[in-house]
Amino acid sequence: MSDAILTLNAGSSSIKLAIFDLAPDGRLSSWRRGDLRETGDVQRFRLRDADGAGIADETWNVTGFEASLSRLTTRIGNELAGRRLAGIGHRVVHGGAGHRMPERVTPDLLDMLEELAELAPLHVPHNLAPIRAIARDQPDIPQVVCFDTAFHRTMMPVARRFALPRSYEARGIRRYGFHGLSYEYIARQLAALSPRIHAGRVIVAHLGSGASMCAMRGGTSVDTTMGFTALDGLVMGTRCGTLDPGALLHVMRQDGLDVDAMERLLYTRSGLLGMSGISNDMQVLLESRETAASEAIDVFVYRIVREVGALASVLGGLDALVFTAGIGENSPEIRERTCGQLGWLGLDLDAAANRRGAAVISTPESRVEVRVIATDEEAMIAEHVRDLPMLAGDPVQPAGPNR
Ligand code: ADP
């Protein structure tokens, strides 16, 4: 019987999953990808093979999280046929100040993470729910939590601190940064693709529904655009990004909005959707002829350009810019419009390479190399599960060349 690793990424209305085959020499290969999404009153479960070909598209008439999860684990169990689950890895959005590395799940750890949920109440409870359920129903399967904040543990205090009275920092009110699993994956890819660039000053632009950028030196995080929550920084699909806190106070006072109403406004009604009034989806906006759509895209690009300047300044220069995630990987137009405003950094885009989606899209003369790298947070989680010592007694061998 061969071994496999399952990864789960549970959000508010969907669970993304991936199954990786784990070879005896420790090599991981993607085998299945899928998701379970709430659509109206029903759940839609989709599964693809390693090449992206659909192998299941099912509508499930189940209500409630427990019932959905139970059906999901049964479905995955059937799918595994002949494979043993060596471990399950979970993405947890917030690890607070104390959880800076992937950790094996224990009852104590779960209790600690439950307390941390107040730092990210919209995300962490969703992340933890399947872990608890699996720990209860299948206690023999090792589970590992991987924190989105962990990659940014290398940020200096000066980058982490808010200019609030000191006591707030002691309560955990500081900048953490997110999208860490994506950045860690990109840093590892860069190390393999170009050790020189990896060792240098790099900005990675993770542009998806959520969007942020990370300034890296030597493959570690120096600063990032997200802060205490995943609301800060760039314009996102439905999130506002950086905002003058004074504007919030003003709107709350003028409109009599309470905290919950404000939270809905900032997380779900703002960003590209709020500005355009059309869609949170960049592809839809790029195809639209409405002025409001192009104005929303203008702000999206402007803020990226502005933040590249800030992060390049923190790094003391720039050797490479990497685009990743849905928009970064798939939109030549957004890449071109962004890079077009970064000539002052010595960045020279190769327009043809950009349009055909090449891996390197800068000219050979460009002082800043520009790359497009597909991110894979699931693969990063699976690597962490494999690399935790808990599997030491299993048939996994010490580090192979691909680690
Ligand atoms: P998440 O995983 O955070 O939901 P993704 O990384 O999948 O998000 O990114 C989703 C975004 O990528 C959407 O705004 C979508 O429109 C955009 N996107 C995907 N393909 C393209 C494309 N070809 N051109 C422009 N935008 C695209």
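Look up: the structure comes first, before these words.
Just so we're clear, the structure is a prediction, and the values are computed from it rather than from any experiment. (Residues numbered from 1 in each chain as written. Predicted model: local features only at pLDDT ≥ 70, side-chain atom pairs only at ≥ 80, totals over all residues. Heavy atoms only, no water.)

### What to know about the site of the ligand
Next, step 1: Neighbouring the ligand are 13 residues, the closest being S209, D281, M282, Q283 and G326.
Next, step 2: Separating an oxygen atom of the ligand from a side-chain N or O atom of S209 is a distance of 2.9 Å.
Next, step 3: Within the side chain of D281, one N or O atom sits 2.3 Å away from an oxygen atom of the ligand.
Next, step 4: Look at the ligand: alone it shows 580 Å² of surface, and the protein chains cover 67% of it.
Next, step 5: Secondary-structure elements contributing two or more residues to the shell around the ligand are α11 (282-287) and α13 (325-330).
Next, step 6: Ranked by the residues each element gives to the shell around the ligand, the list is headed by α13, at 4 residues.
Next, step 7: Taken together, the residues that form the shell around the ligand break down as 4 nonpolar, 7 polar and 2 charged. (Near = heavy atom within 4 Å. Polar contact = N/O pair within 3.5 Å; in protein donor to acceptor, adjacent residues only side chain to side chain. Areas by Shrake-Rupley, 256 points an atom, 1.4 Å probe, with all protein chains shown as cover. Helix = DSSP H or I, 4+ residues; strand = E, 2+ residues; numbered from the N terminus. Nonpolar A, V, L, I, M, F, W, Y, C, P; charged D, E, K, R; others polar.)

### Considering the pairing of strand β12 (residues 320-324)
Next, step 1: Most of β12 is tucked away, with 5 of its 5 residues classed as buried.
Next, step 2: Alignment of strand β9 (residues 201-207) against β12, held across 5 bridges, turns out to be parallel. Looking at the pairing, V202 lines up with A320 of β12.
Next, step 3: Pairing between β12 and strand β13 (residues 369-372): 4 bridges, direction parallel. Within β13, the residue paired with A320 across the bridge is E369. (Buried < 20%, exposed > 50% of the residue type's maximum accessible area, 1.4 Å probe, protein only. Pairing = 2+ DSSP bridges.)

### Brief notes about the nonpolar core
Next, step 1: Of all hydrophobic cores here, the largest spans 44 residues; its most connected members are I203, L207 and F300.
Next, step 2: Taken together, the elements giving at least two residues each to this core come down to β9, β10 (211-217), α11, α12 (291-315), β12, α14 (332-339) and β13.
Next, step 3: No other element matches α12, which puts 11 residues into this core.
Next, step 4: The contacts of F300, once residues within four sequence positions are left out, are L207, V235, L272, M282, I327 and I334. (Core = buried A, V, L, I, M, F, W, Y, C linked by side-chain atoms within 4.5 Å. Contact = heavy atoms within 4.5 Å.)

### Describing the state of the cysteines
Next, step 1: Evaluation of the coordinates by the stated rule reveals 0 disulfides.
Next, step 2: C146 supplies the cysteine sulfur nearest to C214, a cysteine that is in no disulfide, at a spacing of 17 Å.
Next, step 3: Looking at C214, the relative accessible area reads 0%, which means it is buried.
Next, step 4: The thiol of C339 is unpaired, and the distance to the nearest cysteine sulfur, on C214, comes to 18 Å. (Disulfide = S-S within 2.5 Å.)

### Observations regarding the packing of helix α6 (residues 180-193) against helix α16 (residues 377-387)
Next, step 1: Direction vectors running N to C along α6 and α16 enclose 80 degrees, while the axes themselves pass 8 Å from each other. Considering their axes alone, α6 and α16 lie roughly perpendicular with respect to each other. For the pair α6 and α16, the contacting residues are L181, S182, E184, Y185 and R188 in the first and E377, A379, M380, I381, E383, H384 and D387 in the second.
Next, step 2: For the contact of α6 with α16, a count of residues per class yields 5 nonpolar, 2 polar and 5 charged. (Axes fitted to C-alpha atoms, helices over the stretch in contact; angles between N-to-C directions. Parallel < 35°, antiparallel > 145°, perpendicular 65-115°, else oblique.)

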